Amino acid sequence: MKLDLNRLLDGAGDSVVVTDDVDLSWYRHRGMAPFKAPVRLTAQAKSRAGVVSLDCTYRYTLELVCDRCLAPFSREITQEASHTVVRALQNPEDQDDEEYLPAPDGFVELDELATNDVIPELPSRSLCREDCKGLCPICGCDRNVTPCQCRQEEGDPRLAALDKFFE
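Just so you know, the residues in each chain are numbered from 1, in the order the chain's sequence is written. Per-residue local features are limited, in this predicted model, to residues with pLDDT of at least 70; the limit for side-chain atom pairs, both in listing and counting, is 80 or more; totals at the level of whole chains, interfaces and linings are taken over all residues. Values reported for side chains reflect all heavy atoms of the structure, with hydrogen atoms and water molecules removed beforehand.

**Student:** A description of the overall build of the protein should follow, citing residues and the corresponding values.
**Tutor:** Only runs of H or I of at least four residues qualify as helices and only runs of E of at least two qualify as strands under DSSP, and these elements are numbered from the N terminus. Of regular secondary structure, the protein possesses three helices and seven strands. Against the 2.2 N^0.38 benchmark of 15 Å for 167 residues, the protein shows a C-alpha radius of gyration of 24 Å, more extended than a compact globule. Burial status across the protein gives 33% buried among its 167 residues. We call two residues in contact when some of their heavy atoms are within 4.5 Å. The contacts in the protein between residues at least 6 apart in sequence include a share of 51% that link residues at least 24 apart. Surface exposure here means Shrake-Rupley accessible area, sampled with a 1.4 Å probe, where a residue is shielded only by the protein chains that are shown. Total accessible area computed for the protein in this model is approximately 11200 Å², and 49% of it derives from carbon and sulfur atoms. C-alpha atoms define the radius of gyration in this analysis, and the globule rule sets the expected value at 2.2 Å times the number of residues to the power 0.38. Buried, partly exposed and exposed residues are distinguished by accessible area as a fraction of the type maximum, computed with a 1.4 Å probe on protein chains only: under 20%, between the cut-offs, and over 50%, respectively.

**Student:** Can you explain unusual backbone geometry? Please cite residues and give values.
**Tutor:** Where the residue is not glycine, phi is negative for most of them; where a peptide bond is considered, it is trans in most cases. One non-glycine residue, arginine 30, lies in positive phi territory at about 55°. Relative to the helices and strands, arginine 30 resides in the loop between β2 (15–22) and β3 (39–48). Assessed through its relative accessible area of 52%, arginine 30 is described here as exposed. In this model, leucine 70 sits at a positive phi of 65°, which is unusual for a non-glycine residue. Relative to the helices and strands, leucine 70 is located in the loop between β4 (51–65) and β5 (72–86). Judged by its relative accessible area of 55%, leucine 70 falls in the exposed class.

**Student:** With reference to specific residues and values, describe the nonpolar core.
**Tutor:** In a soluble, globular protein the nonpolar side chains are often hidden away together inside. In these notes, a set of buried Ala, Val, Leu, Ile, Met, Phe, Trp, Tyr and Cys residues joined through side-chain atoms within 4.5 Å is what counts as a nonpolar core. Membership of the largest hydrophobic core comes to 36 residues, with the highest contact counts inside it found for Leu5, Phe35, Leu54, Tyr58, Val85 and Val108. Elements with a contribution of two residues or more to this core: α1 (6–9), β2, β3, β4, β5 and α2 (110–118). If sequence neighbours within four positions are ignored, leucine 5 has contacts with Ala45, Val52, Val85, Gly106 and Val108.

**Student:** An account of the pattern of salt bridges is requested, with residue identities and associated values reported.
**Tutor:** When a carboxyl oxygen of Asp or Glu is within 4 Å of a side-chain nitrogen of Lys or Arg, the pair counts as a salt bridge. Counted according to the given criterion, the structure contains five salt bridges. Here aspartate 21 and arginine 40 are joined by a salt bridge, their closest N and O atoms 2.8 Å apart. Of this pair, aspartate 21 sits in strand β2 while arginine 40 sits in strand β3; the two residues are 19 residues apart in sequence, bridging distant segments of the chain. Of the residues examined, arginine 40 reaches a relative accessible area of 39% and is grouped as partly exposed. Note that aspartate 55 and lysine 46 form a salt bridge whose closest N and O atoms lie 4.0 Å from each other.

Structure below.
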């Protein structure tokens, strides 16, 4: 969806609010699709003294797999991002400038904006809960569900001489 900000950029309007669903189901993270449902975007554009600010709120549910116990889980996220919309950048070489969002024709592509705001903020590591105990490295049972009776080796056997040193 394209958001028309021409009136605001020309100073004729006060504010615009739009809501849109953005489909990010094409995105793959570690071979899995974390977006099963669309991302809900609410964008509010305000014009003050010739400057247009675009405040975006994203609401979505991530379908992830825990990095410790491999259990699937969902996490609801609300994320906010703000942008300053301009018709053109002062220095054309600064196309990757994150401070300003150029809109030469007065339109902002909301799908592209959501992709650029949401995907870089995805967690690099996913845990089903903060105190996840993970899988037993010997028998493979989920230590969050059942206690494991496997004997855990204490440290690296190559460093056993150091243990004797501190006795």
